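Notes for the structure review
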Amino acid sequence: MTNLLEPPETLLPENEPAQAALDAGTDPALVAAEHPTFSAAWAQLGEAALENGETIAAYAYARTGYHRGLDALRRSGWKGFGPVPWRHRPNQGVLRAVAVLAKAAGAIGETDEFDRCRQLLLDSDPASVEATGVA
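Described in the following lines is the structure provided in the data block. This structure is a prediction, so every number in the text was calculated from the model and none was measured. Going along each chain's sequence as written, the residues are numbered from 1 onward. Local features in this predicted model are restricted to residues whose pLDDT is 70 or higher, and side-chain atom pairs enter the listing and the counts only when it is 80 or higher, whereas totals over whole chains, interfaces and linings include all residues. With hydrogens and water set aside, each side-chain value is computed from the structure's full complement of heavy atoms.

1. A word on the nonpolar core
One broad rule of soluble globular proteins: the nonpolar side chains tend to lie buried together. In this text, buried Ala, Val, Leu, Ile, Met, Phe, Trp, Tyr and Cys residues form a nonpolar core when linked through side-chain atoms within 4.5 Å. Each residue is assigned to one of three classes by its accessible area relative to the maximum for its type, calculated with a 1.4 Å probe on protein chains only: buried under 20%, partly exposed between the two thresholds, exposed over 50%. Membership of the largest hydrophobic core comes to 26 residues, with the highest contact counts inside it found for Leu73 and Leu121. Comment: elements are numbered from the N terminus, with helices defined as DSSP H or I runs of at least four residues and strands as E runs of at least two. Residue assignment for this core shows that the elements contributing at least two residues are α4 (55–75), α5 (89–107) and α6 (111–124). Broken down by element, this core gets its largest block of residues, nine residues, from α5. Judged by nonpolar contacts, the second largest core, of 10 residues, contains Leu22, Ala32, Ala40 and Leu45.

In structure tokens, the structure reads:
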């Protein structure tokens, strides 16, 4: 049974050319340049920057993916709250960008930003917190 008080799930549309390019191993910077609204490319850039100890670059990439993702969610009917399920692959790009933003914010002492991002992940889909390793 569905909770009638909760908004419906927001499911972003597929971006098949951009996802196929990432899946084929294309440099995410090239994918982001060709598909600047594709949050998964920005998230991947941010994840790589974090792995390389480039926290500020990760923060910038993640913030771009986050804002592009929020725009996409709103275009898909999201009102700023409600479920954004992790299981739907097109949603994972924006959720990963939010996770990178949380991690980078935490690394530079932006605890309020970390908390907001973590809460957004929890509100969207608690599975995203576990999947992205946001503690």
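Having seen it, we continue.
2. Focus: the environment of Glu34
Assignment of secondary structure puts Glu34 in helix α2 (residues 28–34). Glu34 sits in the exposed class, given a relative accessible area of 61%. C-alpha separation for the pair Glu34 and Pro17, spaced 17 residues apart in sequence, amounts to 10.0 Å.

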